[in-house]
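Per-entry structural report
Listed here are the chains, written in short residue letters.
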Amino acid sequence: LTLLFWTMPRPASEKSEEEYIKAAAEYLSSLSDGYGIKAPVCLVPLPLDKPDRWYAQLPPQEYSALHASLTKRLRAAGVTNAVFGYSCRAMPTLNEFLSRYPRSGVSVVNLHALAPEATDTAHYAKTLASAIDILAEVASLKQVAAGVTAGIANSLTDTFFSDTLL
């Protein structure tokens, strides 16, 4: 399973949005092995990993509607090898996670918890464990799978995640 985050550029028009969707659908459909078997993909359109992305500035209801519309239109464009995900920034509250949750089309919720190199690892471990509890609650409420994208650049021991999460 390949995990892809699609940070769609701000469309200049409805036509350019349709062109982005068509290009994404063609790319996803092209992912296959030498026998023509399509590669399974978890596509996270419009990930909320950085607050300065144009779609992160949308009101929650508009973001949710846009995400749901994109997944529906990608399916209509013939994408059959993807499940769709919703990804929220690191360390959200339950209300933050749910406020932008797409209306439909989500099979996977993801916590995007990448931290810069200078992060205090003890604090990161504590907040990561708490955020994963929230993620698990969301996954249970919505009856979807959960995933975590986590890490700290160049400052972890080999057992950091197993020590923190197990």
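Everything quoted here is computed from the prediction, not taken from an experiment. (Residues numbered from 1 in each chain as written. Predicted model: local features only at pLDDT ≥ 70, side-chain atom pairs only at ≥ 80, totals over all residues. Heavy atoms only, no water.)

**Some details on the nonpolar core**
In plain terms, the rule: Here, nonpolar core means buried Ala, Val, Leu, Ile, Met, Phe, Trp, Tyr and Cys residues that are tied together by side-chain atoms lying within 4.5 Å of each other. Residue burial is assigned from relative accessible area. The probe radius is 1.4 Å, only protein chains are included, and a residue is buried under 20% of its type maximum, exposed over 50%, and partly exposed in between. We count a stretch as a helix when DSSP gives it H or I for four or more residues in a row; a strand needs E for two or more, and each element gets its number in order from the N terminus. Contacts between residues were defined by any pair of non-hydrogen atoms, one from each residue, lying within 4.5 Å.
Of all hydrophobic cores here, the largest spans 42 residues; its most connected members are Trp 6, Leu 74, Tyr 86, Phe 97 and Val 109. Residue assignment for this core shows that the elements contributing at least two residues are helix H1 (14-30), strand S2 (41-45), helix H2 (60-76), strand S3 (82-88), strand S4 (108-115) and helix H4 (121-142). No other element matches H4, which puts nine residues into this core. Setting aside chain neighbours within four positions, we find Phe 97 in contact with Tyr 86, Cys 88, Pro 92, Val 109, Asn 110, Ile 134, Leu 135 and Val 138.

**Details of the packing of H1 against H2**
Put simply, the rule reads: Interaxial angle, 0 to 180 degrees, is taken between N-to-C directions of lines fitted to C-alpha atoms, where a helix line uses only the stretch in contact. To sort the angles, those under 35 degrees are grouped as roughly parallel, those over 145 as roughly antiparallel, those from 65 to 115 as roughly perpendicular, and the leftovers as oblique. A crossing counts as left-handed when the near helix is turned anticlockwise from the far one by less than a right angle, and as right-handed when that turn is clockwise. Only Asp, Glu, Lys and Arg are considered charged, only Ala, Val, Leu, Ile, Met, Phe, Trp, Tyr, Cys and Pro nonpolar, and every remaining residue, Gly among them, polar.
Where H1 meets H2, the axes come as close as 10 Å, and the angle between the chain directions of the two elements is 55°. Classified by the interaxial angle, the pair formed by H1 and H2 is oblique. Of the two elements, H1 crosses H2, and the hand of that crossing is right-handed. Every residue of H2 that contacts H1 at Glu 17, Glu 18, Ile 21, Ala 24 and Ala 25 is listed here: Leu 66, Leu 70, Arg 73 and Leu 74. Looking at the contact of H1 with H2 residue by residue, the class counts come to six nonpolar, no polar and three charged.

**Thoughts on unusual backbone geometry**
For Leu 46, which is not a glycine, the phi torsion comes out positive at approximately 55°. Along the chain, Leu 46 turns up in the loop between S2 and H2. Leu 46 gets classed as buried once you look at its relative accessible area, which sits at 0%. Even without being a glycine, Gln 143 presents a positive backbone phi close to 55°. Among the secondary structure elements, Gln 143 is positioned in the loop between H4 and strand S5 (145-152). Gln 143 sits in the exposed class, given a relative accessible area of 73%.

**Examining the state of the cysteines**
Stated precisely, the cut-off is as follows: The disulfide criterion is simple: two cysteine sulfur atoms within 2.5 Å.
Scanning the entire structure with this criterion turns up zero disulfides. The structure places no disulfide on Cys 88, whose sulfur is separated from the nearest cysteine sulfur, that of Cys 42, by 15 Å. With a relative accessible area of 5%, Cys 88 lands in the buried category.

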